[in-house]
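Overview (structure and organization)
Here's the letter readout for the chains.
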Amino acid sequence: MIQEIDTPAYDSLDKKGPMLVEFYSKTCGPCKMLAFVLKDVAKAMPDLPIWQIDFNANEELKNRCNVKGFPTLLFMRDGEEVSRLEGLKQKPVILKEVEKIL
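Under an unreviewed UniProt entry, the name given to the protein is Thioredoxin, and the source organism is Candidatus Desulfovibrio intestinipullorum.

Let's shift gears to helix α2 (residues 29-44). The end-to-end C-alpha separation of α2 is 24 Å, in line with the 22 Å expected for 16 residues at 1.5 Å each. Taken together, the buried positions of α2 are occupied by Cys31, Leu34, Val37, Leu38, Val41 and Ala42. Buried residues along α2 sit against β1 (2-5), β2 (18-24), β3 (50-54), β4 (72-77) and α4 (91-101).

Take the environment of Leu85 next. Within the secondary structure layout, Leu85 lies in strand β5 (residues 80-86). With 28 residues separating them along the chain, Leu85 and Ala57 place their C-alpha atoms 21 Å apart.

A separate point is unusual backbone geometry. Pro71 follows Phe70 through a cis peptide bond whose omega is -10 degrees. In this structure, Pro71 sits in the loop between α3 (59-64) and β4. One non-glycine residue, Asn66, lies in the positive phi region at around 55 degrees. Turning to its location among the elements, Asn66 is positioned in the loop between α3 and β4.

Summarising the element assignment, Lys15 is placed in the loop between α1 (7-12) and β2. Buried charge Lys15 goes without a salt bridge, the closest partner of opposite sign being Asp11 at 5.0 Å. For Lys15, the contacting residues outside a window of four places in its chain are Tyr10, Asp78 and Gly79.

The next subject is the sheet that holds β5. A sheet is described by the order of its strands in space; here five strands give the open sequence β1-β3-β2-β4-β5, paired in mixed fashion. Each having just a single partner strand, β1 and β5 make up the two edges of the open sheet. In this sheet, adjacent strand axes meet at a mean angle of 25 degrees when their direction is disregarded. Bridge count between β4 and β5: six bridges; the pairing is antiparallel. Bridged to Arg77 within β5 is Glu80. Those strands touched by α2 are β1, β2, β3 and β4, and its axis lies near 165 degrees from that of β2.

Rules and cut-offs
- Residues numbered from 1 in each chain as written.
- Predicted model: local features only at pLDDT ≥ 70, side-chain atom pairs only at ≥ 80, totals over all residues.
- Heavy atoms only, no water.
- Helix = DSSP H or I, 4+ residues; strand = E, 2+ residues; numbered from the N terminus.
- Expected span 1.5 Å × (residues − 1).
- Buried < 20%, exposed > 50% of the residue type's maximum accessible area, 1.4 Å probe, protein only.
- Contact = heavy atoms within 4.5 Å.
- Lys, Arg positive; Asp, Glu negative; His and termini not counted.
- Salt bridge = Lys/Arg side-chain N within 4 Å of Asp/Glu carboxyl O.
- Pairing = 2+ DSSP bridges.
- Axes fitted to C-alpha atoms, helices over the stretch in contact; angles between N-to-C directions.

So, in structure tokens, the structure goes:
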């Protein structure tokens with residue numbers, strides 16, 4: 001499941017278990033390509049929540065999560081960051097990181 005959320009929605013999430021958070025920009029070419037990769041990840045892992053957050057529209061959350069650029073993927077478990085990837089990554093690399101939060 002992939003869903004776009006904003007800062008208030010992120011703050012109200014039940015953060016139990018694993019989740020993947022993507023910070024992206026609507027004008028970013030690599031972000032657009034990553035969207036296709038994340039759709040494949042979502043198909044392979046249908047129970048993994050994937051949250052997309054607009055980097056430019058959620059500055060306070062971006063700063064709180066120490067996100068410097070886009071795309072940035074945060075792999076989280078129970079509300080805590082386990083690892084992160086920056087830039088365009090392919091499905092096998094992302095799935096390897098997902099294994100760390102399952």
